[in-house]
Amino acid sequence: MSILIKPIITEKATMDSELRNCYSFQVNTKANKVEIKKAVESAYGVSVEKVRTINVRPDRRTRYTKTGIQHGKTNAIKKAIVQLAEGETIDLYANM
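Residues numbered from 1 in each chain as written. Predicted model: local features only at pLDDT ≥ 70, side-chain atom pairs only at ≥ 80, totals over all residues. Heavy atoms only, no water.

**Quick word on the layout of surface pockets**
Logical step 1: Roughly 210 Å³ of internal volume is contained in the largest pocket.
Logical step 2: Of all the secondary structure elements, the ones that give two or more residues to the lining of the largest pocket are helix 1 (11-20) and strand 6 (77-84).
Logical step 3: With three residues, helix 1 is the single largest residue contributor to the lining of the largest pocket.
Logical step 4: Its residues placed into classes, the lining of the largest pocket shows four nonpolar, two polar and three charged. (1 Å grid on protein atoms, 1.4 Å probe; cavity = no way out; pocket = protein on both sides within 12 Å on 5 of 7 lines; lining within 4 Å. Points joined across faces, edges and corners; volume = space filled by probe spheres on them. Helix = DSSP H or I, 4+ residues; strand = E, 2+ residues; numbered from the N terminus. Nonpolar A, V, L, I, M, F, W, Y, C, P; charged D, E, K, R; others polar.)

**A closer look at helix 1**
Logical step 1: Listed as buried for helix 1 are Ala 13, Asp 16 and Ser 17. Burial along helix 1 is one-sided: seen end-on, the buried residues are contained in an arc of 95 degrees. In helix 1, those exposed residues whose orientation departs by more than 90 degrees from the buried face are Glu 11, Lys 12, Glu 18 and Leu 19.
Logical step 2: The elements touched by buried residues of helix 1 are strand 2 (22-27) and strand 6.
Logical step 3: Just downstream of helix 1, Asn 21 is the residue with a positive phi angle, here 60 degrees. (Buried < 20%, exposed > 50% of the residue type's maximum accessible area, 1.4 Å probe, protein only. Arc of directions from axis to C-beta. Contact = heavy atoms within 4.5 Å.)

Purely geometric numbers; function is a separate question.
Set out below in structure tokens:
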């Protein structure tokens, strides 16, 4: 089971990393905070102070087509916001 799926690189996440030393990741929906902390520490070689998690609900959409009404939804994901120790950083652009 892979805990870390991918880093979240958005405008808000980038500002959070510059100002508060917090990095956002999309993680497995069954992972807990202890597993996320160990995965980030082993993958990037940093020490983690705090982990906050968010369960993001799926977006539901309805489309009106010639054949009738089509219902659909996106997948539910889990985000983790990881705060690092003072003076440590993660270079997310080096691995791409």
